[in-house]
Amino acid sequence: DESLKVTFEVGTEALRYLPKVSEDDQRTGRERYRYLLGTVKKLDQRVHVSVLAVGADEMTEKEQYGTYWEGVEKIDLNPRVIRDRANSLGRKHPEFRSMRFLGDIHTHPNSVAYPSPQDLISVARVYDEGMFNPHEPYIFGIAARREDGEEEINFYRIVRTGSESDYGFKLLEHPDE
């Protein structure tokens, strides 16, 4: 729902594990990827998403059934496997029991913290293929290094629109906005 207000926060512990764009990544173009775990609370006129943990489970190039592989200016991933592995953490580890898969974050080493057309297509595909429930928010973050050298991270959600692709994205809001 494009009109639904979605606010978010990233917990202190989760902040430590968000991917960073290194100078080496800028030189090689290698993107970094992590999945996000946390909680979703439905409040009066909005939904509040809390990112409480960040997961990493990269496969090697030779593995066929891993979750993701970080490549040059792309990430190859299997969203269903990532979601299932992330959600299974609560069954294995009590500290994750109250959390669920929220979405993901990746880096743009030579670009801006703004979704590319490929980002939008890949997230829309998970909904079109029925992998994710359209009534649950899927959030995605993009990290990039600004011209002044500082790291910038923006979080978005996918929304249905009246556009040609039928999908768009919307910047998430901080609770105090």
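(A) Fine view of helix H4 (residues 117-128). Between the first and last C-alpha of H4 there are 16 Å, a value that for 12 residues agrees with the 16 Å anticipated at 1.5 Å per step. The set of residues buried in H4 consists of Asp 119, Leu 120, Val 123, Ala 124, Val 126 and Tyr 127. Considered in projection along H4, the buried side chains sweep an arc of 150° and stay on one side of the axis. Exposed and oriented more than 90 degrees from the buried face of H4 are Pro 117, Gln 118, Ile 121 and Asp 128.

(B) Seen up close, the sheet that holds strand E3 (residues 46-55). Pairing is mixed in the open sheet, where 7 strands are placed in the order E1-E3-E2-E6-E7-E8-E9. The sheet terminates laterally at strand E1 (5-10) and strand E9 (167-171), the two strands that pair on one side only. Between one strand axis and the next, the sheet turns by 35° as a mean value, whatever way the strands run. Here 6 bridges tie E1 to E3, and the two strands are oriented parallel to one another. By the bridge assignment for E3, Phe 8 is matched with Val 49. Strand contacts of helix H3 (residues 79-92): strand E2 (33-42) and strand E6 (100-107), with the helix running at about 60° to E2, the strand carrying the most contacts.

(C) A look at the pattern of salt bridges. Here the structure, examined in full by the defined rule, presents 4 salt bridges. Where Arg 32 meets Asp 25, a salt bridge forms, and the shortest distance between an N and an O atom there is 3.0 Å. Among the salt bridges present, the one from Asp 148 reaches Arg 146, with a minimum N-O distance of 3.1 Å. Accessibility expressed as a relative area gives 52% for Asp 148, which makes it exposed.

Definitions and limits used
Residues numbered from 1 in each chain as written. Predicted model: local features only at pLDDT ≥ 70, side-chain atom pairs only at ≥ 80, totals over all residues. Heavy atoms only, no water. Helix = DSSP H or I, 4+ residues; strand = E, 2+ residues; numbered from the N terminus. Expected span 1.5 Å × (residues − 1). Buried < 20%, exposed > 50% of the residue type's maximum accessible area, 1.4 Å probe, protein only. Arc of directions from axis to C-beta. Pairing = 2+ DSSP bridges. Axes fitted to C-alpha atoms, helices over the stretch in contact; angles between N-to-C directions. Contact = heavy atoms within 4.5 Å. Salt bridge = Lys/Arg side-chain N within 4 Å of Asp/Glu carboxyl O.

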